[in-house]
Amino acid sequence: MNEKIMIVDDDENICELLRLYLTKEGYTTVIVNDGLAAVETVATAKPALVLLDIMLPKLDGWQVCRKIRQNSDVPIIMISAKGETFDKILGLELGADDYVVKPFEAKEVVARIKAVLRRAAAPVSEMPKEVNYENLSVNITNYEMKVRGVHVDAPPKELELIFHLASNPNRVFTRDQLLDEVWGFDYYGDSRTVDVHVKRLREKLEGVSDKWELKTVWSVGYKFETH
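Here goes a summary of the coordinates provided.

How each quantity is defined
- Residues numbered from 1 in each chain as written.
- Predicted model: local features only at pLDDT ≥ 70, side-chain atom pairs only at ≥ 80, totals over all residues.
- Heavy atoms only, no water.
- Helix = DSSP H or I, 4+ residues; strand = E, 2+ residues; numbered from the N terminus.
- Buried < 20%, exposed > 50% of the residue type's maximum accessible area, 1.4 Å probe, protein only.
- Contact = heavy atoms within 4.5 Å.
- Salt bridge = Lys/Arg side-chain N within 4 Å of Asp/Glu carboxyl O.

On to the environment of Lys204, then. Note that Lys204 resides in helix 8 (residues 192–205). We classify Lys204 as partly exposed; its relative accessible area is 26%. Spatially, the C-alpha atom of Lys204 lies 7.9 Å from that of Val152, the residues being 52 residues apart in sequence. Lys204 has contacts with Met145, Val147, Val152, Asp153, Ala154 and Glu158, leaving out every residue within four places of it along the chain.

Here you go:
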């Protein structure tokens with residue numbers, strides 16, 4: 001295996017615990033204790049995945065996640081003592097792939113790492129890489145969305161969500177189905193996560209075309225409806 005995991009936490013005991021478990025599972029580790037060093041180390045260490053605490057010196061985890069996502073799509077699992085839904089949604093909005101709440105079982109963290117890495121390594125050749133509709137193009141290979149031919153910035157999960165819905169036009173998905181199929185593995189988040197992402201997508205896509213729409217199916221979920 002020998003994949004490299006970067007642990008970003010200012011608690012040395014937590015870092016050592018995670019290092020021991022990850023080493024036992026065959027991973028190598030890089031430990032960083034502050035946010036500024038984390039941003040600098042990602043570029044040089046090139047880890048397969050980042051375990052990122054939120055409460056950090058110099059730069060907090062939110063800032064670190066945002067800066068990493070400007071240049072890299074490395075998988076990120078955020079770790080925090082904050083378990084509120086808002087904090088989880090914020091982490092996912094910034095591009096994190098999963099969110100673990102302290103106190104945690106080290107075995108659970110290892111299981112989530114394996115799941116995220118499996119998903120990141122999953123072949124995409126079996127599925128279409130781009131969907132195109134009037135005034136909308138979503139490319140999942142380079143994570144790019146164009147509206148009326150103009151690139152529109154969107155976090156990875158927003159792109160994956162609109163891509164998934166648009167790849168299955170007129171099919172209704174429940175919120176739980178979307179959490180399972182877009183967020184993947186055993187995501188333990190709140191279904192409101194989906195609502196937040198849909199709301200932000202609608203703001204970007206409002207009035208773009210009368211040939212399709214991102215539609216709410218009341219009491220069920222959502223669908224990408226074509227006319």
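Read on, since the account is not over.
Let us look at the pattern of salt bridges. Inspection of the entire model under this criterion finds 17 salt bridges. Beyond isolated ion pairs, a larger network of salt bridges with shared partners links Arg69, Asp97, Lys157 and Glu160.

To continue, consider unusual backbone geometry. The general pattern is negative phi for most residues beyond glycine and trans for most peptide bonds. Note that the residue after Lys102, namely Pro103, is joined by a cis bond; omega there is -5°. Among the secondary structure elements, Pro103 is positioned in the loop between strand 5 (98–101) and helix 5 (106–121). Its identity is not glycine, yet Asn135 carries a phi of approximately 65°, on the positive side. Structurally, Asn135 is set in the loop between strand 6 (130–133) and strand 7 (136–139). Backbone geometry at Asn170 places phi at a positive 70°, although glycine is not the residue there.

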